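# Survey of secondary and tertiary structure
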Amino acid sequence: MKEETIYICETCGKRMKNQYDMKLHEAAHFDNTPEQYHKRMELQNEVGQAAIAYSSAVKRLADFEKDNINFTEDDDE
Ligand SMILES: [Zn+2]
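Residues numbered from 1 in each chain as written. Predicted model: local features only at pLDDT ≥ 70, side-chain atom pairs only at ≥ 80, totals over all residues.

Quick look at the overall build of the protein now. Across its full length, the protein holds two helices and two strands. Listing the helices and strands of the protein from first to last along the sequence gives β-β-α-α. A compact globule built from 77 residues would reach a C-alpha radius of gyration of about 11 Å, whereas the protein, at 23 Å, exceeds it by more than 25%. Oriented by its inertia axes, the alpha-carbon framework of the protein measures out at about 70 × 40 × 20 Å. Evaluated residue by residue, the protein yields a buried proportion of 1% over its 77 residues. (Helix = DSSP H or I, 4+ residues; strand = E, 2+ residues; numbered from the N terminus. Rg over C-alpha atoms; globule rule 2.2 N^0.38 Å. Buried ≥ 20, exposed ≤ 12 C-beta atoms within 10 Å, placed from the backbone.)

What follows concerns the environment of Asp 31. Counting through the fold element by element, Asp 31 comes out in the loop between helix H1 (19-29) and helix H2 (34-68). Each C-alpha atom, one on Asp 31 and one on Leu 61, is 42 Å from the other, the two residues being 30 residues apart in sequence.

The next point concerns the packing of H1 against H2. In the contact formed by H1 and H2, the axes pass within 9 Å of each other and the chain directions differ by 85°. Classified by the angle between their axes, H1 and H2 sit roughly perpendicular to one another. Within the contact between the two elements, H1 uses Lys 23, Leu 24, Glu 26 and Ala 27 and H2 uses Pro 34, Gln 36 and Tyr 37. Split by residue class, the contact of H1 with H2 holds four nonpolar, one polar and two charged. (Axes fitted to C-alpha atoms, helices over the stretch in contact; angles between N-to-C directions. Parallel < 35°, antiparallel > 145°, perpendicular 65-115°, else oblique. Contact = placed C-beta atoms within 7 Å. Nonpolar A, V, L, I, M, F, W, Y, C, P; charged D, E, K, R; others polar.)

Here the focus is the confidence of the model for the protein. Per-residue confidence for the protein gives a mean pLDDT of 91, with 96% of residues at or over 70. Within the protein, strand E2 (residues 15-16) carries the highest mean pLDDT (98), whereas H1 carries the lowest (91). (pLDDT = per-residue confidence, 0-100.)

A word on the environment of Met 16. Mapped onto the secondary structure, Met 16 falls in strand E2. Sequence separation of Met 16 and Ala 28 is 12 residues, and the distance between their C-alpha atoms is 15 Å. If sequence neighbours within four positions are ignored, Met 16 has contacts with Tyr 7, Asp 21, Met 22 and His 25.

Quick look at the structure:
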């Protein structure tokens, strides 16, 4: 059995078998060279990874606070 990979443009949905041709095609939507497009994808991925790390850290902080801090009612006011 042979498998075939199809690349789909995230902007217009066009389908292609060749990954490099698809990169050229997607880059053209943004008036970018393939190198600019590749760099942009790389940076977007970096931002995505940072966002995942951030939300994981926020959750760990919230869990820590839930387990380790006892909030008391303040009756002074
Ligand atoms: Zn397209």
